[in-house]
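# Analysis of the macromolecular model
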Amino acid sequence: TYKMMPSQQVRSRLSSNDDDSTAYSSVASSVASSVSAIDLILDKFEKRRGFKFFQAAISIWAIVAVAKNLGVGKHVYLDPADEVEKEAHGLRLSHEAGDRPRFALVRPFARSDVETLLKSFELWDSARPCGNYKTEWNLEDYTVYGDRYAEDEHPIVDLVISFSGKSGDIEGYDTLSTIQELFDARNGWGGCFSEFVSFEAGINPEDDIYDHQPIQTNPHWVNGPNEQFRKNYRFIKNKGYASMIMMESDVQPQVDGWLDLALSEVKRNQPFAVLGSKYSGNSWDNFREEIPTALLDHINGNAIYNTTHPLLEKMVNELEKEKNTIFNAIPFDYRMSQMWTEGSKGIPSDFPFKSMIDPATGNPVVLDPKMNTFRQWYEEYGNEQPIKQAHFIENFGATNFLPQQVEGVPLVHGKGLYIPNDPNLHKITLVITDWQMDRANQLLEVLDNNDHPFTEVVVMRTWKGWAELIKQNSENTGYMSKIYSILFGDDNSGELHGLSTKVRIVDRVAPEYMDLCEAPVETEYFMITNSYHRVAPDISHLMFTSGDVSSGIPSKPVIPYTPSEMDLCQEHVGCLETVKLGREIYPNLDKVVLDFEMVFETSTRNEFCKYWKGLYGQNGAKLHKSYGVVYSPEVPHGPSATSYTAYLYSLGIAESLFEFSDKSRQGSRDIFVKVLEGEEESNYLLNFWKALPPQVRNKMKQDRLKREGEG
């Protein structure tokens, strides 16, 4: 059974992604994402449940993975069920090449990529590189991406395995031998390739660096991928290949004939220098307007490079000139986008790492202007639109994604493939912290408009606010009549607004910061937000692992977190205090989890809350004893998702219950969208002030007057 794409679905995807202005088509690579996003977000802090750091962290991530590939292949008419025909058509055809161009499908890997690379070839057995359009394809499926080559002009494709190290590296050669065996055993994956070629880039181990942790400070953090790309290009060009198709180990084929589909776009888009894909993830949604143009208009490294195009030669020459300069701290694919953006749009290139010091000067980095050179390139080649966007590959970089986001796409570049929540397997309650009824209403009234995973809603209310609202609406007609009947009458269904989701109203008996523990949840899981937010328009992207029933491996929620040692956390008192409180429970805690991003497991929540109250008192009285940092809106006054995570780690069960995903690398999407930001800010500060003991309020007032007097 072949995994083919219906022509209608293909056309639908193209119509939604197509861009007539392909001259500046771009892709956001994982590596480059972190490049500018961190500095942009540092100025966007807001508080969530009292922590300014946390609202920032919901947007922050440093997508970190320089990507590199696509696929192209020789089209041979094979029927895998017919072994005789397979033998006939699967022969290596290098002696028949004639004037046909030769392409190189390059699969680069480093010492740390061995296992991932070998595993990636397993996918080629189920999604073959080349297919048989005569028997398996609707012709529209084949040509919707581009133009089909005639057999006598179809490129010959070699599979090139590029190892970043040297011949003395045993691990590298063991890997090459294994892939050679796979290649031979599968007849070049069914005759899709002509030859198997191995190449060693020869980068010294101490220089073969790809380390995301010091991304803001170490100018050599991406030296390995940059150097390997430059050497791959020279090797491929010197060997006479017409195109280099880069395909890293995290590019996943999904349909048969993905090489053919890629190749059809090559034919249609000629002439071009680079043909690739834009970033398709959602990690920039909250601040896209602040992303540099060169990053938005950036072709991911997983692309097809036309080694015969003079613009590409000029770009690689420039990369080679810059290899011993501070420019080499920029991932090669992002740097190439900067060159073209500077020349075509007149936008100077900014150095993306604001904290990095130039080793040559000892000062913050200032890039040398090169606009005149790049402008000449644009004047010479701009009319050709040499940087173009492809449609046969979706680029998610290091971002997590769901199957429905990439359904039918031939190639997907991405790190984490998860599944959406199945309500038949897992029931999830939504808990809403509310202060005034009309605020919860703004969330509830649009809930059914969203594709959400919640089977029940529990509103934790402040009775005074709701009672006043009922009194003000004495006519009790329509919606208010329904509320009145729930509060005072016999109707206990809780189906406000005729919602398909059951709504329960609960009068809280503890401070609102205890809602996490006090909410009476009956389902397996729950999430929490407050009434100043709404459910995001489409949160079907709430992710779970697939699990394996036959092996007894359960499906579990994917929980985004921010590493506690990131500069973002270290520079904000709210984050530091949250980590400090978490480490009182589990000293080795290295994660900060937002309350609004946690999928709490109800039974362990119950045990955690008993533990927390025993540690800090019924409502956290022991936590509130000291004056100073604790009495700050940025510091948690009650139990938090981070403390809950610490508790689970202290029991050794955290990773059996949840799949934790580093937001700084895999990104995340908002489950809840803030709609009453200013009111939340003022209301939170007011409630915070009112909740303080009189002596504390007086001391804070005296301190403020003293500071003003000193000023």
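Everything that follows concerns the structure shown earlier in this document.
Residues numbered from 1 in each chain as written. Predicted model: local features only at pLDDT ≥ 70, side-chain atom pairs only at ≥ 80, totals over all residues. Heavy atoms only, no water.

### Things to note about the sheet that holds strand 21 (residues 591-592)
Cut-off, in case you're wondering: Here, any two strands with at least 2 DSSP bridges between them count as paired. Numbered from the N terminus, helices here are DSSP runs of H or I no shorter than four residues, and strands are runs of E no shorter than two.
The 3 strands lie next to each other as 21-20-23, forming an open sheet whose pairing is mixed. The outermost strands of the open sheet, each flanked by one partner alone, are strand 21 and strand 23 (659-662). As paired strands, strand 20 (residues 558-563) and strand 21 are joined by 2 bridges and run antiparallel to one another. The partner of Thr562 across the bridge, within strand 21, is Val592.

### A word on the pairing of strand 2 (residues 156-163)
For clarity, the cut-off: Any residue under 20% of the maximum accessible area for its type is buried, any over 50% is exposed, and the rest in between are partly exposed; the area is computed with a 1.4 Å probe on protein chains only.
The element strand 2 is extensively covered by neighbouring structure, given that 8 of its 8 residues are classed as buried. With burial as the criterion, each face of strand 2 is covered, one bearing Ile156, Asp158, Val160 and Ser162 and the other bearing Val157, Leu159, Ile161 and Phe163. Sheet topology places strand 2 next to strand 3 (residues 196-200); 5 bridges connect them, and they run parallel. If you follow Ser162 over to strand 3, its bridge partner there is Phe199.

### As for the packing of helix 14 (residues 310-321) against helix 15 (residues 332-345)
The criterion, for reference: What counts as an axis is a line fitted to C-alpha atoms, over the stretch in contact for a helix, and the angles between N-to-C directions run from 0 to 180 degrees. Helix crossings are classified by the rotation of the near helix relative to the far one: an anticlockwise turn of less than a right angle makes the crossing left-handed, while a clockwise turn makes it right-handed. Contacts are residue-level and defined by heavy atoms, with any inter-residue pair within 4.5 Å sufficient. Classes in brief: Ala, Val, Leu, Ile, Met, Phe, Trp, Tyr, Cys and Pro nonpolar; Asp, Glu, Lys and Arg charged; the others, Gly included, polar.
It is the contact of helix 14 with helix 15, at a shortest axis distance of 11 Å, that shows an interaxial angle of 115 degrees. Once helix 14 is placed against helix 15, the crossing between them reads as right-handed. Seen from helix 14, the contacting residues are Leu311, Leu312, Met315, Glu318 and Leu319; seen from helix 15, they are Phe332, Arg335, Met336, Met339 and Trp340. Tallied by class, the residues present in the contact of helix 14 with helix 15 amount to 8 nonpolar, no polar and 2 charged.

### Structural notes on the environment of Phe544
Position of Phe544 among the secondary structure elements: in strand 19 (residues 543-544). In this structure, the C-alpha to C-alpha distance between Phe544 and Tyr418, residues 126 residues apart in sequence, is 5.9 Å. With near-sequence residues (within four places) excluded, Phe544 lies in contact with Tyr418, Ile419, Asn421, His426, Ile428, Tyr525, Ser555, Lys556, Pro557 and Val558.

### Observations concerning the state of the cysteines
Counted only if it meets this: The disulfide criterion is simple: two cysteine sulfur atoms within 2.5 Å.
Counted under the stated rule, the structure contains 2 disulfides. Each sulfur of the disulfide joining Cys130 and Cys192 lies 2.0 Å from the other. In this structure the cystine formed by Cys130 and Cys192 twists about its S-S bond by roughly -80 degrees; its chirality is therefore left-handed. Placement of the pair is Cys130 in the loop between helix 6 (123-126) and helix 7 (133-136) and Cys192 in the loop between helix 10 (187-191) and strand 3, with a sequence separation of 62 residues. The exposure class assigned to Cys130 is buried, which follows from its relative accessible area of 2%.

### Regarding the pairing of strand 14 (residues 428-433)
In terms of burial, strand 14 is largely enclosed, as 6 of its 6 residues are buried. A two-sided burial pattern is seen for strand 14, the buried positions comprising Ile428, Leu430 and Ile432 on one face and Thr429, Val431 and Thr433 on the other. Summarising the sheet, strand 14 and strand 15 (residues 454-461) pair through 6 bridges and their orientation is parallel. Along strand 15, the bridge assignment pairs Thr433 with Met460. As defined by bridge partners, strand 14 adjoins strand 17 (residues 525-530) across 6 bridges and the pair is classed as parallel. The residue of strand 17 that forms the bridge with Leu430 is Met527.

### Some points on the packing of helix 15 against helix 16 (residues 371-381)
The following threshold applies: For classification, angles of less than 35 degrees are called roughly parallel, those exceeding 145 degrees roughly antiparallel, those between 65 and 115 degrees roughly perpendicular, and all remaining angles oblique.
At a closest axis distance of 7 Å, the pairing of helix 15 and helix 16 adopts a crossing angle of 80 degrees. The pairing of helix 15 with helix 16 is recorded here as roughly perpendicular in orientation. On helix 16, the residues that touch Arg335, Met339, Trp340, Glu342, Gly343 and Ser344 of helix 15 are Met371, Phe374, Arg375, Trp377, Tyr378 and Tyr381. Across the contact of helix 15 with helix 16, the residue classes tally to 7 nonpolar, 2 polar and 3 charged.

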